[in-house]
Protein chains: 2
Amino acid sequence: MADQDHASPAGGETLLFLTDEQLRQGIEAMFFAYRGFTADPDMILADYDYGRAHHRALHFINGAPGTNVNNLLAILGVTKQSLNRVLRTLIGDGLVESRVGRSDKRERHLYLTEKGAALERALSDAQRARMRKAYRDAGPEAVAGFKRVLEAMMDPEMRRRYHALREGRG
Amino acid sequence: MADQDHASPAGGETLLFLTDEQLRQGIEAMFFAYRGFTADPDMILADYDYGRAHHRALHFINGAPGTNVNNLLAILGVTKQSLNRVLRTLIGDGLVESRVGRSDKRERHLYLTEKGAALERALSDAQRARMRKAYRDAGPEAVAGFKRVLEAMMDPEMRRRYHALREGRG
DNA sequence: GTTGGAATGTCAACAAGACTGACTTAATGT
DNA sequence: ACATTAAGTCAGTCTTGTTGACATTCCAAC
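Fair warning: this is a prediction, and the values are worked out from it, not measured in the lab.

K.L.:
With reference to specific residues and values, describe the protein's contact with DNA strand D.
P.N.:
Residues in close proximity to DNA strand D total 24 residues, the closest being Lys80 and Arg106 of chain A together with Arg52, Arg56 and Arg85 of chain B. In DNA strand D, atoms within 4 Å of the protein come from the sugar-phosphate backbone in 58% of cases. At a separation of 2.8 Å, a phosphate oxygen of DNA strand D approaches a polar side-chain atom of Asn84 of chain A. A distance of 3.5 Å separates a base oxygen of DNA strand D from a polar atom in the side chain of Arg106 of chain B. Among the elements of the structure, helix H4 (69-76) and helix H5 (80-92) of chain A together with helix H3 (52-63) and helix H5 (80-92) of chain B are those that each provide at least two residues to the surface near DNA strand D. Residues of the surface near DNA strand D, tallied by class, amount to 3 nonpolar, 9 polar and 12 charged.

Here it is in structure tokens:
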């Protein structure tokens, strides 16, 4: 069934990579690569009593200091109960600081403490090291393609947020 | 801070994509894209009493019919106890058949039943549809780069298994 | 041939992290 | 005043990972 593409009369080149087998390879590549992607931070986290959820919270608070809980919720795509459990331990352990909003006192603005920034840095360094190696091995053009495909794979809402984060830092 | 690369005297082009901000974007792209990657099958699975783990088992049994539990274990990267729970429900529900090995009676060889193949197809179709759209939107060259970077991101052991699967089907 | 170790798979109990649902508190805004 | 919003909490459930203990089968050394 993977040979059916030879039957397509014209444009075979542009359709070649859309066979089920090609798509399947992409799916499996995503699966295996994501494992590598999370492996290094996971090893560090195992030493603390934290998990991947804590890493994600630290990452996005670091990237958008002062963000409120609702925004973080939307980015992470979890329920507030789930995020709250994580946030409570991070605040309790002195990695995250929660300040009452000055304009709207209902909101809580989140910041990393020195201690929280240190852990975030350790986790990020490990993850970035793998990313850097992958980028180097694959080359600049591959990286551009990599990002284009990943972006096309996102839900529109997540793509919007992805760009918003970039612009917020740009 | 994203402008710092202009300071690098030579080879700016080859280093441009290795700034911390570029790596951070890649990390966030992986995070958001993986969410999209799993979203469609997850919605289907919610209708059944199955989860992502069941999907993964069905996927790889479908790709390597007759595989034994140990091999599946190594591919999925979980403990045998964890896989066993998933396998038990799939076998109990008649989606997977487990045959005792003829040469080595300790081994169990796994096959999808008609029913199991049908669910696998439904899940795969949903996931492939998103993948196909992403590939189409990004273009063939981007897809090649996408795969190169993902492969470079894998642990060597997983890269080996990834290739083994491709050759087994090739 | 028996036996002891290694490999394969199963059962049971537990923990992390997600979920829903119901509720409280405080601040905002109409 | 009253409804809405932001945040947090409590309780209960589900999936999916973990360890530990155990049964079965195979194989190789004795």
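Continuing now.
K.L.:
Mind laying out the protein's contact with DNA strand C, listing which residues take part and the relevant values?
P.N.:
In the neighbourhood of DNA strand C, 24 residues make up the surrounding shell, with Arg56 and Thr79 of chain A together with Asn70, Lys80 and Asn84 of chain B lying closest. For DNA strand C, the backbone portion of the atoms within 4 Å of the protein, that is sugar and phosphate, comes to 61%. Within the contact set of DNA strand C, a phosphate oxygen lies 3.1 Å away from a backbone nitrogen or oxygen of Ser103 of chain A. When its residues are assigned to classes, the surface near DNA strand C shows 3 nonpolar, 10 polar and 11 charged.

K.L.:
Explain the relation of the copies chain B and chain A to me, and be specific about the residues and the numbers.
P.N.:
Laying chain B over chain A is done by rotating through 180° and shifting 0.0 Å along the axis; what remains is an RMSD of 0.2 Å. Such a combination of rotation and displacement between the chain copies is what one expects of a two-fold axis. Among all C-alpha atoms of chain B, that of Phe146 of chain B lies closest to the rotation axis, at 1.8 Å. Taken as a fraction of all interface residues of chain B, those also at the interface in chain A reach 100%, which identifies the copy contact as same-surface.

K.L.:
Which residues make up the packing of helix H6 (residues 114-138) of chain A against helix H7 (residues 140-153) of chain B, and what values do they have?
P.N.:
Orientation of H6 of chain A relative to H7 of chain B, taken along the N-to-C sense of each, is 135°, at an axis distance of 8 Å. With respect to H7 of chain B, the element H6 of chain A is oriented oblique. Between H6 of chain A and H7 of chain B lies a crossing of right-handed hand. In this structure, H6 of chain A uses Arg130, Met131, Ala134, Tyr135, Asp137 and Ala138 of chain A to contact H7 of chain B, whose residues at the interface are Arg148, Val149, Ala152 and Met153 of chain B. The class makeup of the residues in the contact of H6 of chain A with H7 of chain B is 7 nonpolar, no polar and 3 charged.

K.L.:
Could you give an account of the interface of chain B and chain A, naming the residues involved and the relevant values?
P.N.:
Contacts between chain B and chain A engage 60 residues on the former and 61 residues on the latter. For the pairing of chain B and chain A, the buried interface totals around 6,500 Å² over both sides, and the portion due to carbon and sulfur atoms is 68%. Inspection of the region where chain B meets chain A yields 10 salt bridges. Arg132 of chain A serves as the salt-bridge partner of Asp20 of chain B, at 3.4 Å between the closest nitrogen and oxygen. Inspection of the region where chain B meets chain A yields 27 residue pairs in polar contact (both at pLDDT 80 or more). Counting residues per element, the ones that place at least two in the side of chain B that touches chain A are helix H2 (20-47), H3, helix H4 (69-76), helix H6 (114-138), H7 and helix H8 (156-169) of chain B.

Procedures and definitions
- Residues numbered from 1 in each chain as written.
- Chains lettered and ligands numbered in written order.
- Predicted model: local features only at pLDDT ≥ 70, side-chain atom pairs only at ≥ 80, totals over all residues.
- Heavy atoms only, no water.
- Near = heavy atom within 4 Å.
- Polar contact = N/O pair within 3.5 Å; in protein donor to acceptor, adjacent residues only side chain to side chain.
- Helix = DSSP H or I, 4+ residues; strand = E, 2+ residues; numbered from the N terminus.
- Nonpolar A, V, L, I, M, F, W, Y, C, P; charged D, E, K, R; others polar.
- Least-squares fit on C-alpha atoms with pLDDT ≥ 70 in both.
- Contact = heavy atoms within 4.5 Å.
- Axes fitted to C-alpha atoms, helices over the stretch in contact; angles between N-to-C directions.
- Parallel < 35°, antiparallel > 145°, perpendicular 65-115°, else oblique.
- Left-handed = near helix turned anticlockwise from the far one by under 90°.
- Buried area = accessible area lost by both parts, 1.4 Å probe.
- Salt bridge = Lys/Arg side-chain N within 4 Å of Asp/Glu carboxyl O.

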